[in-house]
Amino acid sequence: GQQVMQIPQYQHVQEGEDFTTYCNSSTTLSNIQWYKQRPGGHPVFLIQLVKSGEVKKQKRLTFQFGEAKKNSSLHITATQTTDVGTYFCAGERGGATNKLIFGTGTLLAVQP
Amino acid sequence: DVKVTQSSRYLVKRTGEKVFLECVQDMDHENMFWYRQDPGLGLRLIYFSYDVKMKEKGDIPEGYSVSREKKERFSLILESASTNQTSMYLCASRRQGGWNTEAFFGQGTRLTVV
């Protein structure tokens, strides 16, 4: 069954508020990727994290990989209506190189 | 411009029919994937192929098979379609190994089985 879970499943925020989604794996991951899927679209790659404890930023987005390499988070500061969509994490399990397992996703709605 | 193309955007099939979903990529990627997307369940891996004629089962392979006779093409086959296979199907491809090996997705096929 699904071994990469994300919470929350859905989040509704006012424009300007912050947003965080959490990704948790039952097994250690060799790396983790994040994707964004706009309504009606397909997932598009945002970033990859490889090192334990790694933190990366893309403008208002901050990505973190846990020390144990079993969890990750995506934080958006001051959300905008363009941030609307579903955010997925995706991991590769050690020893299963290139087999990407996606999380359950978090749907973000932003009210202007 | 990289491209993953799925043969149909929308499909309606009858229960018991054999259904073929085709996916073609033009990036010479070794790895190709078939996922299905359902609300609340995210993207679940059906099958994965890491080379021509090579495949691995994903988390939900039951009721599906795949074919990869050429590097650029990965087909998903529903042997006998059932209503619980109504879903959005997404194909993806990815370069083997290295850093920042992002997956590129097709536009998806929304399959309805009636």
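Look above for the structure.
Each value, and the rule that gives it
Residues numbered from 1 in each chain as written. Chains lettered and ligands numbered in written order. Predicted model: local features only at pLDDT ≥ 70, side-chain atom pairs only at ≥ 80, totals over all residues. Heavy atoms only, no water. Pairing = 2+ DSSP bridges. Helix = DSSP H or I, 4+ residues; strand = E, 2+ residues; numbered from the N terminus. Axes fitted to C-alpha atoms, helices over the stretch in contact; angles between N-to-C directions. Disulfide = S-S within 2.5 Å.

Thoughts on the sheet that holds strand 7 (residues 61-65) of chain A
All names here are of chain A.
Inference 1: With respect to topology, five strands assemble into an open sheet ordered 1-3-8-7-6, the strand pairing being antiparallel. What marks the edges here is a single partner per strand, and that holds for strand 1 (4-7) and strand 6 (55-58). Averaged over all pairs of adjacent strands, the angle between strand axes in this sheet comes to 15 degrees, irrespective of strand direction.
Inference 2: Relative to strand 3 (residues 19-25), strand 1 is paired through four bridges, and the arrangement is antiparallel.

Topic: the state of the cysteines
All names here are of chain A.
Inference 1: In total, this model carries two disulfides over all chains according to the counting rule given.
Inference 2: Across the disulfide from Cys23 sits Cys89; the S-S distance is 2.0 Å. Given an S-S torsion of about 75 degrees, the disulfide between Cys23 and Cys89 has right-handed geometry. Highlighted residues: Cys23 in strand 3 and Cys89 in strand 9 (residues 85-93), separated in sequence by 66 residues.

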